[in-house]
Amino acid sequence: MKNKVLFIVTIIVVFLLGLLASSIVNRKSEAKYKYVPQVNIAENEPRNEVWGENFPLEYQSYMQTLDTTFASMQGGSATHDVLADDPNLVILFAGYGFSKDYNQGRGHAYAIEDINNTLRTGGPKGDGDGPMPATCWTCKSPDVPRLMNEIGIDEFYSGKWADKGAEIVNPIGCADCHNPKTMKLRITRPALVEAFESMGKDINKATHNEMRSLVCAQCHVEYYFNKNLPGKEGIPYLVFPWKDGMTVEDMEAYYDNIEFSDWTHQLSKTPMLKAQHPGYETFTTGVHADRGVSCADCHMPYKSEGGQKFTDHHIQSPLNNTSNACQVCHRAEASKLIENVYDRQRKATENRLKLENMLVKAHVEAKKCWDLGATEEQMKPILTDIRHGQWRWDYSAAAHGASFHSPVETARVIGSGLVIAQEARVKLARLLATLGHNAPVDFPDISTKAKAQEYIGLDMEKLKAEKAEFKKNLLPKWLEEAKEREAKMPINAVSATN
Ligand code: HEC
Ligand code: HEC
Ligand code: HEC
Ligand code: HEC
């Protein structure tokens, strides 16, 4: 009797295991779904809602990137003011747009709204006005591939940010990642294709699994604007500095060789590098990348709704979705997985803040040296250290998710940054003594964002007023112009054309 029960139980268990295995296999193969096309999507259709006619499940999940309610320890979609959280950053970015305004990123559907709102893009009054080049639009919208097709890549990168404002209105979406005919993943940003070429690789040979990360690498990467490309002089051409490799040292050597700097630091006069967001680069050094896990596996896992399985286009922090994002591979409890992530983030942050404090002091001490009459020659080795130290700090801070994507590499980068920043401060102490200052340098009160911005002389009221005027006058004109243009773009129902 006992044996019989055991036998039946065993059969049931084996059967259930079989079911589980087949569901895992299914998950790994492409999601199956009923496909009833409603419209013929044009080659460069930028409007996500038009694609949504054919793919309602993907579109509806994409629209959930509008949700801003989830906050994790360091990330999530709830936006917050990074400068208010940590006024040190105002000093680190003195003389650069990020000292004016810096908000935590949120969902893709906000990309256009957020770039229009940030004080970094200023308050242009019309064409040719404002602080930013047109190139800044490149990672914001499916209007980018459309416009590049219409006017050419060089022309797209030319001119001011404001010049293209009326053209670029749809937030990051379907056309950025998909071929409308086949729905296959595609690369639409020339900078990624060109970066592969510079490494002697052909991106068209990427595997399907690699594409599930490379679509993200179109934007979540380190980049710079090269104004000296042969034949394209003067155009701020978007380039990913991967020719000599993607590590923090490789890209630093690349920039040093061409003597590139993103800006000159207002206090220390250092020729600075701004690490943008080397998310893809840092990811490739982690254990998940090593095991062939792709960005989409965690940020776009499969999901089921009404018996239909599809790719969840609610791209967000996977910590808001651990059952689909992690537990398909890991058997640990959600709380355990989240704790694992937080643990890595906390430990990386602990040392990154130490590095940050040293860099802030180094900038202020370097300013003191200049004030006391230091020469360019005396300052040069110090400024090189500050440049390299802050590049490492930024590389680990701005590569969103890096402390989880690749905790060991992130710790290594911060560690080497600490050594370099320490060397800078030893040199600074010696130089200060030579210049007759043999005491600690007076340190400004930068305990709040407002105090820090006042210290570096930013007129925030003026910047805010300019932005308000832009939103009142120019922005509505852009949107009106875009509406008229899009009203003329045909949407062909399938029955009408087939
Ligand atoms: C193994 C799962 C996994 C993979 C693979 C992965 N990520 Fe992440 N990612 C995470 C987790 C976990 C976080 C931390 C989220 C948080 O702190 O709320 C994160 C954070 C991020 C963030 C910051 C999000 C926020 O809310 O602050 C971005 C951006 C990001 N990842 C992009 C990428 C890109 C691009 C790739 C591929 C190159 C990638 N991720 C691969 C799990 C993953
Ligand atoms: C066309 C450029 C572009 C592409 C392609 C792109 N992203 Fe983003 N991503 C952005 C921008 C810009 C933001 C910030 C938007 C904002 O804050 O307004 C962002 C934000 C995010 C966030 C933060 C969202 C949140 O709620 O915290 C995550 C996570 C993310 N992206 C992951 C990915 C992944 C994974 C891929 C590939 C599947 C990808 N992105 C592809 C440009 C892009
Ligand atoms: C940041 C890149 C990105 C964007 C933007 C994007 N997708 Fe996807 N999409 C993916 C990835 C990755 C997959 C999984 C493809 C695979 O593994 O074959 C996918 C899969 C799909 C599929 C195949 C069926 C499925 O659900 O797996 C459809 C259909 C689709 N997307 C529609 C859309 C639509 C509609 C939009 C715009 C609302 C959109 N996608 C925006 C990256 C993107
Ligand atoms: C597609 C499968 C897959 C997914 C999805 C996945 N992982 Fe992993 N993860 C792995 C593999 C494989 C390893 C390597 C260790 C091993 O082989 O057991 C790993 C390793 C880890 C490690 C230890 C490595 C380290 O960084 O120290 C942690 C922590 C982890 N995963 C957390 C997560 C979290 C959190 C998520 C969801 C956001 C997630 N994983 C999603 C497959 C996956």
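Report on the accompanying structure. Residue numbering note: each chain is counted from 1, following its sequence as written. A letter from A marks each chain and a number from 1 marks each ligand, given out in the order of writing. Restriction of local features to residues with pLDDT of at least 70 applies here, the model being predicted, together with a cutoff of 80 or more for giving and counting side-chain atom pairs; totals for whole chains, interfaces and linings are based on all residues.

**Some details on the site of ligand 1**
Point 1. Placing the C-beta atom from the backbone, one calls a residue near a molecule or strand if that atom lies within 6 Å of it. For ligand 1, the set of nearby residues contains 24 residues, the closest of which are Ser-72, Gly-75, Cys-295, Cys-298 and Gly-401.
Point 2. Contributions of two or more residues to the shell around ligand 1 are made by helix H11 (208–217), helix H13 (279–283), helix H15 (295–299) and helix H19 (402–405).
Point 3. Here the shell around ligand 1 gets four residues from one element, more than from any other, and that element is H15.
Point 4. Side-chain classes follow a simple rule in which Ala, Val, Leu, Ile, Met, Phe, Trp, Tyr, Cys and Pro form the nonpolar group, Asp, Glu, Lys and Arg form the charged group, and the remainder, Gly included, forms the polar group. Among the residues forming the shell around ligand 1, the class breakdown is 10 nonpolar, 13 polar and one charged. Numbering of helices and strands starts at the N terminus; helices are DSSP runs of H or I of at least 4 residues and strands are runs of E of at least 2.

**Here we look at the packing of helix H17 (residues 334–371) against helix H18 (residues 376–398)**
Point 1. Helix axes use the C-alpha atoms of the stretch in contact, all axes being lines fitted to C-alpha atoms, and the angles between their N-to-C directions lie in the range 0 to 180 degrees. Packing of H17 against H18 leaves a shortest axis separation of 10 Å and a crossing angle of 150°. In terms of their interaxial angle, H17 and H18 are classed as roughly antiparallel. The chirality of how H17 crosses H18 is left-handed. Contacts from Ala-348, Arg-352, Leu-355, Glu-356, Leu-359, Ala-362, His-363, Ala-366 and Cys-369 of H17 reach H18 at Met-379, Ile-382, Ile-386, Gly-389, Gln-390, Trp-393, Ser-396 and Ala-397.
Point 2. Partitioned by chemical class, the residues of the contact of H17 with H18 number 11 nonpolar, four polar and two charged. Reported orientations rely on four angle classes, namely roughly parallel under 35 degrees, roughly antiparallel over 145, roughly perpendicular from 65 to 115, and oblique for the rest. Crossing handedness: left-handed means the near helix sits turned counterclockwise from the far one by under a right angle, and right-handed means the same turn made clockwise. Residues are defined as contacting one another if the C-beta atoms placed from their backbone atoms lie within 7 Å.

**Considering the pairing of strand S7 (residues 308–311)**
Point 1. The criterion for strand pairing is that DSSP finds at least two bridges linking the strands in question. Bridge count between strand S6 (residues 302–305) and S7: four bridges; the pairing is antiparallel. Along S7, the bridge assignment pairs Lys-303 with Phe-310.
Point 2. The hairpin turn running from S6 into S7, its antiparallel successor, is two residues long, and Gly-306 in that turn takes a positive phi close to 55°.

**A few points about the site of ligand 4**
Point 1. Around ligand 4 lies a shell of 17 residues, among which Arg-291, Pro-318, Cys-326, Cys-329 and Asn-340 are the nearest.
Point 2. For the shell around ligand 4, the leading source of residues is H17, giving three residues.
Point 3. Split by residue class, the shell around ligand 4 holds 11 nonpolar, four polar and two charged.

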